[in-house]
Amino acid sequence: MPTRYSRTLAALHWLLALMIIAELFAGKVLLGNTPNSDPDKLFGLSMHMPIGLVILALMILRVIVRIRSAKPPHADIGNDILNRAGIWAHWLLYALVFIMALSGIAMARGAGLPDIVFGGSGAPLPAEFTGPARIVHGFAATALIVLIIGHIGAAIYHQHVRKDGLLARMSLRR
């Protein structure tokens, strides 16, 4: 019988998965291809920035729930190295999401975006977003996309090749 925490973890997993994928798409495709001189960029940022903060808050909650709750045993793939890689991949996913959120905050503050986007300062967006936080944000986004693709691939492998019921553990219908 699943615990309240396991349902909470599953719900947070799927909610965060959708939000993170949407934010990566918005950042890489929509915002990344819109010049800072385009007024639509301001609207996009007014959506992207608060959603990023919500993801950060939900990730903090997810880590707290994960630490405080009983979890099923890790999926065994029959290879100790791959089993450990799976565990590390999950923690790396968490770390990259935190890095994305924190570098996004640093980048926004460094560019004066809170006043421009939400404070009604009327100032234009900077010509470019530059600096170490921007570099970290872009690198972490790319790394997160690669890791998410691997995560989805591993889930498909467990479900259709190993047929070990891994996805059933993450179901919201129990």
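Reading the values: the criteria
- Residues numbered from 1 in each chain as written.
- Predicted model: local features only at pLDDT ≥ 70, side-chain atom pairs only at ≥ 80, totals over all residues.
- Heavy atoms only, no water.
- Helix = DSSP H or I, 4+ residues; strand = E, 2+ residues; numbered from the N terminus.
- Contact = heavy atoms within 4.5 Å.
- Areas by Shrake-Rupley, 256 points an atom, 1.4 Å probe, with all protein chains shown as cover.
- Lys, Arg positive; Asp, Glu negative; His and termini not counted.
- Charge placed at Lys NZ, Arg CZ, Asp CG, Glu CD.
- Expected span 1.5 Å × (residues − 1).
- Polar contact = N/O pair within 3.5 Å; in protein donor to acceptor, adjacent residues only side chain to side chain.
- Core = buried A, V, L, I, M, F, W, Y, C linked by side-chain atoms within 4.5 Å.
- Buried < 20%, exposed > 50% of the residue type's maximum accessible area, 1.4 Å probe, protein only.
- Salt bridge = Lys/Arg side-chain N within 4 Å of Asp/Glu carboxyl O.
- pLDDT = per-residue confidence, 0-100.
- Axes fitted to C-alpha atoms, helices over the stretch in contact; angles between N-to-C directions.
- Parallel < 35°, antiparallel > 145°, perpendicular 65-115°, else oblique.
- Left-handed = near helix turned anticlockwise from the far one by under 90°.
- Nonpolar A, V, L, I, M, F, W, Y, C, P; charged D, E, K, R; others polar.

**Some details on the overall build of the protein**
Okay, step 1: Assigned secondary structure in the protein consists of six helices and zero strands.
Okay, step 2: Helices and strands in the protein line up, N terminus first, as α-α-α-α-α-α.
Okay, step 3: Expressed as lengths along the three principal axes of its C-alpha atoms, the size of the protein is roughly 55 × 30 × 25 Å.
Okay, step 4: Within the protein, counting contacts between residues at least 6 apart in sequence, those at least 24 apart form 81% of the total.
Okay, step 5: As displayed, the protein has an accessible area near 10,900 Å², and 70% of this comes from carbon and sulfur atoms.
Okay, step 6: Averaging the coordinates of the 16 positive side-chain charges in the protein and doing the same for the 8 negative ones gives two points 14 Å apart.

**Digging into helix 2 (residues 39–68)**
Okay, step 1: Over its 30 residues, helix 2 runs 45 Å from end to end, which matches the ideal 44 Å to within 8%, given 1.5 Å per residue.
Okay, step 2: At the N-terminal end of helix 2, a side-chain oxygen is found 2.8 Å from the backbone nitrogen of aspartate 40, two or three residues along, and the residue is aspartate 38.

**Some details on the nonpolar core**
Okay, step 1: Ile20, Leu24, Ile55 and Leu144 are the most contacted members of the largest nonpolar core, which has 19 residues in total.
Okay, step 2: Secondary structure elements with two or more residues in this core: helix 1 (4–31), helix 2, helix 3 (80–110) and helix 5 (132–162).
Okay, step 3: With sequence-adjacent residues up to four places away left out, isoleucine 20 is seen in contact with Ile55, Val97, Leu144 and Ile148.
Okay, step 4: Within the second largest apolar cluster, eleven residues are counted, among which are Leu31, Leu45, Leu125 and Ala133.

**Quick word on unusual backbone geometry**
Okay, step 1: Its identity is not glycine, yet lysine 163 carries a phi of approximately 50°, on the positive side.
Okay, step 2: As for its placement among the helices and strands, lysine 163 is situated in the loop between helix 5 and helix 6 (166–169).

**Considerations on helix 3**
Okay, step 1: Between the first and last C-alpha of helix 3 there are 44 Å, a value that for 31 residues agrees with the 45 Å anticipated at 1.5 Å per step.
Okay, step 2: Among all positions of helix 3, only Asn83, Leu93, Tyr94, Leu96, Val97, Met100, Ala101, Ser103, Gly104, Met107 and Ala108 are buried.
Okay, step 3: For helix 3, the side-chain oxygen to backbone nitrogen distance between the N-cap and isoleucine 81 is 2.8 Å, and the N-cap itself is asparagine 79.
Okay, step 4: Just downstream of helix 3, glycine 112 is the residue with a positive phi angle, here 70°.

**Overview of the pattern of salt bridges**
Okay, step 1: Taken as a whole and assessed by the stated rule, the structure comprises one salt bridge.
Okay, step 2: Of the charged contacts, one joins aspartate 80 and arginine 84 as a salt bridge, the two residues approaching to 3.1 Å between their closest N and O atoms. On the criterion of helical spacing, the pair formed by aspartate 80 and arginine 84 is a turn pair, its members being four residues apart in helix 3.
Okay, step 3: Given a relative accessible area of 49%, aspartate 80 falls into the partly exposed group.
Okay, step 4: Arginine 84 sits in the exposed class, given a relative accessible area of 52%.

**Examining the confidence of the model for the protein**
Okay, step 1: Of all residues in the protein, 97% have pLDDT values of 70 or greater, and the mean over the chain is 90.
Okay, step 2: By mean pLDDT, the top-scoring element of the protein is helix 2 (95), and the lowest-scoring one is helix 6 (80).

**Comments concerning the packing of helix 3 against helix 5**
Okay, step 1: Close contact between helix 3 and helix 5 brings their axes to 9 Å; oriented N to C, the two are set at 150°. Overall, the two elements helix 3 and helix 5 adopt an arrangement that is roughly antiparallel. In this structure, helix 3 crosses over helix 5, and the sense of that crossing is left-handed. Contact residues: helix 3 offers Ala89, His90, Leu92, Leu93, Leu96, Val97, Ile99, Met100, Ser103, Gly104, Ala106 and Met107, while helix 5 offers Ala133, Arg134, Val136, His137, Ala140, Ala141, Ala143, Leu144, Leu147, Ile148 and His151.
Okay, step 2: Taken together, the residues of the contact of helix 3 with helix 5 break down into 17 nonpolar, five polar and one charged.

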